[in-house]
Amino acid sequence: RYYKVDSGIKKEDALNIIFFKIEKGEKSDRRKSLKIRLITVASVAASIAIILMFYLLTATIDYKGVPGQTFTLRLPDNSRVILEDESELTLRKYFWNRKVELQGNAYFEVQKGNKFVVSFKSGSVQVLGTRFLVNESNNLLQVRCFEGKVKTNFGQESVILTKGMQATGNEQGNLITGETEDQFPGFAIFSKNYSGASVQQVADDLESFFDVSITIKMSESRKFSGTIETGTIENAMEMLTQPLQLEFKLNEINQFVIYRK
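The text that follows walks through the structure, step by step, so that each part is easy to find.

Scoring rules and cut-offs
Each chain carries its own residue numbering, running from 1 in the written order of its sequence. Residues qualify for local features only when their pLDDT is at least 70, as the model is predicted, and side-chain atom pairs are given and counted only at 80 or more; totals for whole chains, interfaces and linings, by contrast, use all residues. Only hydrogens and water are removed before side-chain values are computed, so all heavy atoms of the structure are retained for them. Segments assigned H or I by DSSP are reported as helices when at least four residues long, segments assigned E as strands when at least two residues long, and all are numbered from the N terminus. Three exposure classes are used, based on accessible area relative to the maximum for each residue type with a 1.4 Å probe and protein chains only: buried under 20%, partly exposed in between, and exposed over 50%. We define a polar contact as two N or O atoms separated by no more than 3.5 Å, with the added condition that, inside protein, one atom must be a possible hydrogen donor and the other a possible acceptor, whereas residues neighbouring each other in sequence contribute only through side-chain atom pairs. Working rule for contacts: check all heavy atoms of both residues, and any pair within 4.5 Å makes them a contact. What counts as a salt bridge is simple: a side-chain nitrogen of Lys or Arg found within 4 Å of a carboxyl oxygen of Asp or Glu. Strands are treated as partners if at least two bridges between them are detected by DSSP. Working definition of a nonpolar core: buried Ala, Val, Leu, Ile, Met, Phe, Trp, Tyr and Cys residues. They are joined through side-chain atoms within 4.5 Å.

Some thoughts on the side chain of Thr180
Moving on, step 1. Summarising the element assignment, Thr180 is placed in the loop between strand E13 (175-179) and strand E14 (190-198).
Moving on, step 2. Exposure remark for Thr180: the relative accessible area of 12% places this residue in the buried category.
Moving on, step 3. At 3.4 Å, the side chain of Thr180 and the backbone nitrogen of Asp182 are in polar contact.
Moving on, step 4. With residues near it in sequence (within four places) discarded, Thr180 still touches Arg144, Cys145, Gly164, Met165 and Gln166.

Structure representation (structure tokens):
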């Protein structure tokens, strides 16, 4: 058991080889083999750990909008993004670092915190505030700031936009600044007419568009008729509850609750 012998030779030959090794005083290579095995196992484990860490640091999640529609999602820091049409957004799957990659057109409502960066093929947008739009396609860029500040890098140029400002860039990377009076881009506004709709139906539509959770706590059923058109969930909740003499609140788990006065 302590000496290696080729298993393909005859028994008598194998026995003679073992006796020969014993007579010559050759030491068993068991410890050496064990050491080699331990080194091999350690090397394999280290390689697996490196591969796993590389995967965790580089793994991404891709989101893609639906043709002709908008797609709303919440990022790990609860920032809200609306993708228009077939726009794509990529972010880290693990170790969220408040950095995303964009292809297409998207509206962002960024939670306060560390620097938030939107990168694209020809440049990047660094968020110094909260609400903005980025539309990047075919080396053309449009950035509109609705609230706070955003720093836009496009080609070799850089500009800081404040509320009510916008910047456009062409294929040569030239940035031209201007003003915008819009409070929200069109695709980021919830707009729908209702006639005798249940509160639950309206709440479901709001949940889908704003990517929030809404709970209804009342026994009787009430119907809503009217138009809800707004870019914020708070305004939408007011438009829904006030005509029906209802109240709403945001609880400790960031869930909207509708209840009777």
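As for the environment of Phe248
Moving on, step 1. Within the secondary structure, Phe248 is located in strand E17 (residues 246-250).
Moving on, step 2. Remark: the alpha-carbon pair of Phe248 and Ser87, spanning 161 residues in sequence, is separated by 33 Å.
Moving on, step 3. When neighbours within four sequence positions are excluded, Phe248 is seen to be in contact with Glu234, Met237, Glu238, Thr241, Phe256, Val257, Ile258 and Tyr259.

Thoughts on the pattern of salt bridges
Moving on, step 1. Tallied over the full model, the rule gives eight salt bridges.
Moving on, step 2. A salt bridge links Arg80 to Glu109; the shortest N-O distance between them is 3.2 Å. You can see Arg80 sitting in strand E3 (residues 80-84) and its partner Glu109 sitting in strand E5 (residues 99-109), a full 29 residues away along the chain. Of the two residues, Arg80 and Glu109, both sit in the buried class.
Moving on, step 3. Arg260 serves as the salt-bridge partner of Glu220, at 3.7 Å between the closest nitrogen and oxygen. Of this pair, Glu220 sits in the loop between strand E15 (214-217) and strand E16 (223-230) while Arg260 sits in strand E18 (residues 256-260), and the two are 40 residues apart along the sequence.
Moving on, step 4. Each member of the salt-bridge network shares a partner with another, and the members are Glu220, Arg222 and Arg260.

Thoughts on unusual backbone geometry
Residues other than glycine predominantly adopt negative phi, and peptide bonds predominantly adopt the trans conformation.
Moving on, step 1. A positive phi angle, close to 55°, is found at Asp85, a residue other than glycine.
Moving on, step 2. With respect to the helices and strands, the residue Asp85 is situated in the loop between E3 and strand E4 (88-92).
Moving on, step 3. Classification of Asp85 by relative accessible area gives partly exposed; the value is 34%.

Considering the side chain of Thr90
Moving on, step 1. In this structure, Thr90 sits in strand E4.
Moving on, step 2. Under the relative-accessibility criterion, Thr90 is labelled buried at 19%.
Moving on, step 3. A distance of 2.7 Å separates a polar atom in the side chain of Thr90 from a polar atom in the side chain of Asp62.
Moving on, step 4. Look past the residues within four positions of Thr90 in its chain and what remains in contact with it is Thr60, Ile61, Asp62, Lys99, Val100 and Glu101.

Remarks on the pairing of strand E10 (residues 149-154)
Moving on, step 1. Of the pairings in the sheet, the one linking strand E7 (residues 123-127) to E10 comprises five bridges and is antiparallel in character. In the strand pairing of E10, Val125 is matched with Thr152.
Moving on, step 2. Where E10 and strand E11 (residues 157-162) come together, six bridges link them in antiparallel fashion. The residue of E11 that forms the bridge with Phe154 is Glu157.
Moving on, step 3. If you look at the hairpin formed by E10 and E11, you'll find two residues sitting between the two strands, and Gly155 has a positive phi there, around 65°.

Here's the deal with the nonpolar core
Moving on, step 1. Core analysis: the largest hydrophobic core is formed by 29 residues, its most contacted members being Val202, Leu206, Phe210, Ile214, Ile228 and Leu240.
Moving on, step 2. Only E14, helix H3 (199-210), E16, helix H4 (233-241) and E18 provide two or more residues apiece to this core.
Moving on, step 3. Residues contacting Ile214, with those up to four places away along its chain left out, are Ala203, Leu206, Glu207, Met237, Phe256 and Ile258.
Moving on, step 4. Counting 27 residues, the second-largest nonpolar core is a separate cluster that includes Leu102, Phe132, Leu141 and Val159.

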